[in-house]
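Structural overview for review
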Protein chains: 2
Amino acid sequence: MATISDVAARAGVSTATVSRALNGKSTVDRDLVARVRKAAVELGYQPNGPARNLRRQEAAVVALIISDVENPFFTAIARGVEDVAHEVGYSVVLCNSDESAEKENRYIDIAIQERVAGVILSPSGTTTSVAKLATRGTAYVAVDRPLPGHDSDVVLVDTRLAARQATAHLVAQGYDRIGCITGPSGVRTADDRLAGYRDALRSAKRRTPKLVRRTEYKAAGAHRAALDLLSQAEPPDALLIANSAMAVGVLQALQELEIRPGRDVGLVAFDDAPWAELVDPPLSVVAQPAYEIGAVAARLLLARIADSSRPPTTTTLGARLLERASSRGPEDRR
Amino acid sequence: MATISDVAARAGVSTATVSRALNGKSTVDRDLVARVRKAAVELGYQPNGPARNLRRQEAAVVALIISDVENPFFTAIARGVEDVAHEVGYSVVLCNSDESAEKENRYIDIAIQERVAGVILSPSGTTTSVAKLATRGTAYVAVDRPLPGHDSDVVLVDTRLAARQATAHLVAQGYDRIGCITGPSGVRTADDRLAGYRDALRSAKRRTPKLVRRTEYKAAGAHRAALDLLSQAEPPDALLIANSAMAVGVLQALQELEIRPGRDVGLVAFDDAPWAELVDPPLSVVAQPAYEIGAVAARLLLARIADSSRPPTTTTLGARLLERASSRGPEDRR
DNA sequence: GTGAAAGCGCTAACAC
DNA sequence: GTGTTAGCGCTTTCAC
C-alpha cells in the first residue's frame, strides 16, 4: 500500500510537503499542490490512519455507545449525532452496549484505546466506567440518562413530567385503575417515568396498589408483566408503558387475553414508533425528540472537544403527548 | 496518559516484557507477569491503539456498513455480526451509509485508512468503491445484495423465490389483481423481488399491467406509491410489499383511503417486524433470517482474514412465508 | 515555501 | 526468558 514517501518520491518533493499539501494546513506552492495531488491519485494513496492518529494523539472520530441498536429511539439519536458530526468532518462509530454494563465498559475502553476525540453514551446505569473518560480527559456527553455523581454535559428529556402528563390524561379520560409498566430499577428513565406516574396519581388522589411492574426494557418482559397484571383479581383498566418495545409486548398480551386495547384497557406508551398509528385502535404515545437529542449532544461534544474547560451543562428537552384512540376513555363512559 | 514505558519502569522490566506479558504471546515468567499486571493497573494503563495498529499493520476491528440503521432487518444483521466477532476478540463498528453511494464510499475510505481487518457491507448499488477494498487486499463480504462484477464472499437470501412464493400464495387465496411495490431499480433485492413476483404471475397466467411501482425503500415512497396504485380506475386487490418500512407507508395509505387491509386488499410484506402481528388484521410476511445472515457473514469474513486465498463463496439462505390474516383472500370469496 | 529529521507508542526480530 | 533496538507512517518543529 502506497505511503506518503511513495507520493513524495513520485511528486519529487519531501514527505513534509506532501503532508502539508494534502492537509491544507500550511501554505504550499500551487504547482506543488497539484503535483502532489496528482501523484497521490495515481498511486491510490490513502493516508494511514493509525500513523496519523498516533502522531496527532487523537482521531477525528466520535464514539456513540447506545443501549440498544434495535430501539428506534436510539437509532434516531444516532442520526442526529451523525448529521452534526459529519458536517465538521468527524466520523461516528456506533457501538451497541445492549443495556449491559460490561459491554458498555468494554466499548469505553476501546474508545480510550483508539484515542477517539469524544464519546456520546446512554449510560446503562450506576456504572462507574465513565470515570475513566473523565480521568483521561476524553470529552464525553451523556444522553437520555444522567450520570449519577458525574458533573458532565448531559442531554435529557423531561420524562417525569411527560409521564405525569400522560397519566393525568388517562385520569381525565375517566380511567380508574391505572397501571404502569416501566424499566428496571436504577435506570433513570424508568425511575422517572414511574415517579411521574405516581405524581399524577397523587395529584388526582388515587390509590393504585399493585399496579406497577418493572422489567427489562424489552417486549418479552413487558409481555410477562402485562399478563401478570391483567390476570389479577382487580386488573388495571389503563396502562402507562415506558417504551415502544414494551408496547409491543403489552399489545401481544392483550391479543392473547382477548382484551381489546383502548376499549377494555386504555393505553399510552413512550416513543412514537412508526407503527403506532397502524394498530387498532391507534396508540397514544409520548413522542420524544430523539433526533434532536442526538444533534444537541453532538454539538455539546464538539464544543467540549474544542474547550475542555467549559462548565458542564444539562439540556432538558420536552416530550409531546399524542392523544390517539387507545386512551379515549373506558367504554362504559363514552 | 501512561505508556508502556511507564509500566515497564514501574515493574522494573523492559517494554518488550510488558508487551509480552500483557498480550500473552510469548511465555513470560509468572512473577514478572504479575508484577507487570500490577503496575499496569496501578497506572491505569490503556494501550495506545493507533500505535499498536500502526505497528501491527492491522486493527482487530471489523467495519459493518449498512444501508439503513433504522431498518430492523439491518440492525438484526448487526447483532449477528457482533456476536460472532466478539467471540474471537474483534470489535465491530457500525456505519450507516443511508442508501447513499457517497456515504458508503466515504466509510469504505475510512475503513481502509483505519486499516480495519475486514468490512461487511450491504452494497448500495452498482458502486465500484468496493474495488478499493479488493485492490488493497482488505477482506470483505457483501450481505443482502451481491456486488456486480466482484467475485467476493456474499451472503444472500433467496428473495426471488420468496417473492414468487408470496405472490403464488396471494394467487392461491383468490386475489385477482395483484400489485407490487418494490425498491429502486438497480438495487438487487428490489429487482429480485419484482422478478419473483413476475415469475409467479407468469406461472399463474395472469396479466397485471400497471400494477408495479418502484420507489425508495422507505415509508414515504411506498405511501405515495400505494395512493397512486389504489386510486387508479382498476386498483389492485392485493399487494406484495418489498420491506417493512414500506409496509408502514402502505398501511397508512390504506387508512387514509379507508380501504380495509386484508379485506379489500390482500397484503404480504417482506420482513417480520415486531409489530406485524399487532396491526388489524395481522400482516402476512416473508421472514428473512437477518441475524443468521450477519452471523454467517462474520464467520466468512474471519475465515477470509485468516486465509485470503480461499475461493469466494456465495451463501444463500431461505426465507419463510408467514401466512396471517392480511392475505386470507378477498372478502367476496370467504 | 520547502526539506531534514525527530519522535508519537508499540511490537517483533534479534541477541544474549 | 528477557533486554535492546529498529521501525511502522505520519506530522511538525526547526533550519534554511
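Residues numbered from 1 in each chain as written. Chains lettered and ligands numbered in written order. Predicted model: local features only at pLDDT ≥ 70, side-chain atom pairs only at ≥ 80, totals over all residues. Heavy atoms only, no water.

Focus on the overall build of chain A
Keep this limit in mind: Secondary structure counts use DSSP, requiring at least four H or I residues in a row for a helix and at least two E residues in a row for a strand, with both numbered from the N terminus. The globule rule is 2.2 Å times the number of residues to the power 0.38, and the radius of gyration it is compared with is taken over C-alpha atoms. Residue contacts are counted whenever heavy atoms from the two residues lie within 4.5 Å of one another. Residue exposure ignores everything except the shown protein chains as possible cover, and the areas themselves are Shrake-Rupley values with a 1.4 Å probe. Charged residues are defined narrowly, with Lys and Arg counted positive, Asp and Glu counted negative, and His plus the chain ends left uncounted. The location of each charge is read from NZ of Lys, CZ of Arg, CG of Asp or CD of Glu.
In terms of helices and strands, chain A carries 12 helices and 12 strands. The C-alpha radius of gyration computed for chain A amounts to 25 Å, which surpasses the reference 20 Å derived for 334 residues by more than 25%, pointing to a less compact arrangement than a globule. Of the contacts formed within chain A by residues at least 6 apart in sequence, a portion of 69% connects residues at least 24 apart. Here chain A has roughly 14000 Å² of accessible surface; of this, 48% comes from carbon and sulfur atoms. If the 42 positive side-chain charges of chain A are averaged to one point and the 40 negative ones to another, these points end up 4 Å apart.

Here we look at the nonpolar core
Rules: The set of buried Ala, Val, Leu, Ile, Met, Phe, Trp, Tyr and Cys residues whose side-chain atoms join them within 4.5 Å is what this entry labels a nonpolar core. For the exposure calls, accessible area comes from a 1.4 Å probe over protein chains only, and a residue counts as buried if that area is under 20% of its type's maximum, exposed if over 50%, partly exposed in between.
In this structure, W275(A) and W275(B) are the most contacted members of the largest nonpolar core, which totals 164 residues. W275(B) has contacts with W275(A), S244(B), A247(B), V248(B), L251(B) and L283(B), leaving out every residue within four places of it along the chain. In terms of nonpolar packing, the next biggest core, distinct from the first, is built from 40 residues, V154(A), L156(A), C95(B) and V116(B) among them.

Focus: the protein's contact with DNA strand D
Using the following cut-off: Proximity is defined per residue: any heavy atom of the residue falling within 4 Å of a molecule or strand makes that residue near it. N or O atoms closer than or at 3.5 Å make up a polar contact, with two conditions inside protein: a donor-capable atom paired with an acceptor-capable one, and, for residues adjacent in sequence, both atoms drawn from side chains.
Close contacts around DNA strand D come from 25 residues, with I4(A), Y45(A), R55(A), T17(B) and D29(B) the closest. Taken together, the sugar and phosphate atoms account for 63% of what DNA strand D places within 4 Å of the protein. One of the side-chain N or O atoms of R52(A) is found 3.0 Å from a phosphate oxygen in DNA strand D. Elements that contribute at least two residues to the surface near DNA strand D include exactly helix 2 (15-23) and helix 4 (49-56) of chain A together with helix 2 (15-23) and helix 4 (49-56) of chain B.

A few points about unusual backbone geometry
Put simply, D280(A) and P281(A) share a cis peptide bond, and its omega is -5°. Here P281(A) lies in the loop between strand 9 (266-270) and strand 10 (284-287). The phi angle at E99(A) is positive, at roughly 60°, despite the residue not being glycine. When you line up the elements, E99(A) lands in the loop between strand 2 (91-96) and helix 6 (101-113). Since its relative accessible area comes to 27%, E99(A) is described here as partly exposed. Even without being glycine, D144(B) reaches a positive phi, approximately 75°. Looking at where D144(B) falls in the secondary structure, it is placed in the loop between strand 4 (139-143) and strand 5 (153-157). In this structure D144(B) comes out as buried when scored by relative accessible area, which is 6%.

Considering the sheet that holds strand 12 (residues 320-322) of chain B
Residue and element names in this part refer to chain B. Counted only if it meets this: In this description, strands pair whenever DSSP reports at least two bridges between them. Axis definition: a line fitted to C-alpha atoms, limited for helices to the stretch in contact. Angles are taken between N-to-C directions and run from 0 to 180 degrees.
Strand order in the open sheet formed by 6 strands is 7-6-8-9-10-12, and the pairing between neighbours is mixed. For this open sheet the edge positions go to strand 7 (212-214) and strand 12, each flanked by a neighbour on one side alone. Pairs of neighbouring strands in the sheet enclose a mean axial angle of 15°, with direction left out of account. Sheet topology note: the strand 9 (residues 266-270)/strand 10 (residues 284-287) ladder contains 3 bridges and is parallel. Bridging across to strand 10, A269 finds its partner in V285. Relative to the sheet, helix 8 (residues 159-172) contacts strand 6 (178-182), strand 8 (238-241), strand 9, strand 10 and strand 12, its axis offset from that of strand 9 by approximately 170°.

Comments concerning the domain arrangement of chain A
Residue and element names in this part refer to chain A. Quick reminder of the rule: Reported domain spans reflect what an automatic or database domain assignment gives. Note on terms: buried area is the combined drop in 1.4 Å-probe accessible area of two parts once they are placed together, counting the loss on both. Between Lys or Arg on one side and Asp or Glu on the other, a salt bridge is scored when a side-chain nitrogen of the former is within 4 Å of a carboxyl oxygen of the latter. Ten residue types, Ala, Val, Leu, Ile, Met, Phe, Trp, Tyr, Cys and Pro, are classed as nonpolar, four, Asp, Glu, Lys and Arg, as charged, and the remainder, Gly among them, as polar.
Domain annotation for chain A reports domain 1 (4-47), domain 2 (58-156 + 289-318) and domain 3 (159-288 + 321-327). For domain 2 and domain 3, the distance between their C-alpha centroids amounts to 29 Å. In this complex, domain 2 contributes 12 residues to the contact, which on the side of domain 3 involves 11 residues. Ranking the residues of domain 2 by area buried against domain 3 places F73, R145 and P146 at the top, with a combined share of 34%. Counting across the interface, domain 2 meets domain 3 through 0 salt bridges. Our count for the domain 2 to domain 3 interface comes out at 1 residue pair in polar contact (both at pLDDT 80 or more). In the side of domain 2 that touches domain 3, the residues fall into 5 nonpolar, 2 polar and 5 charged.

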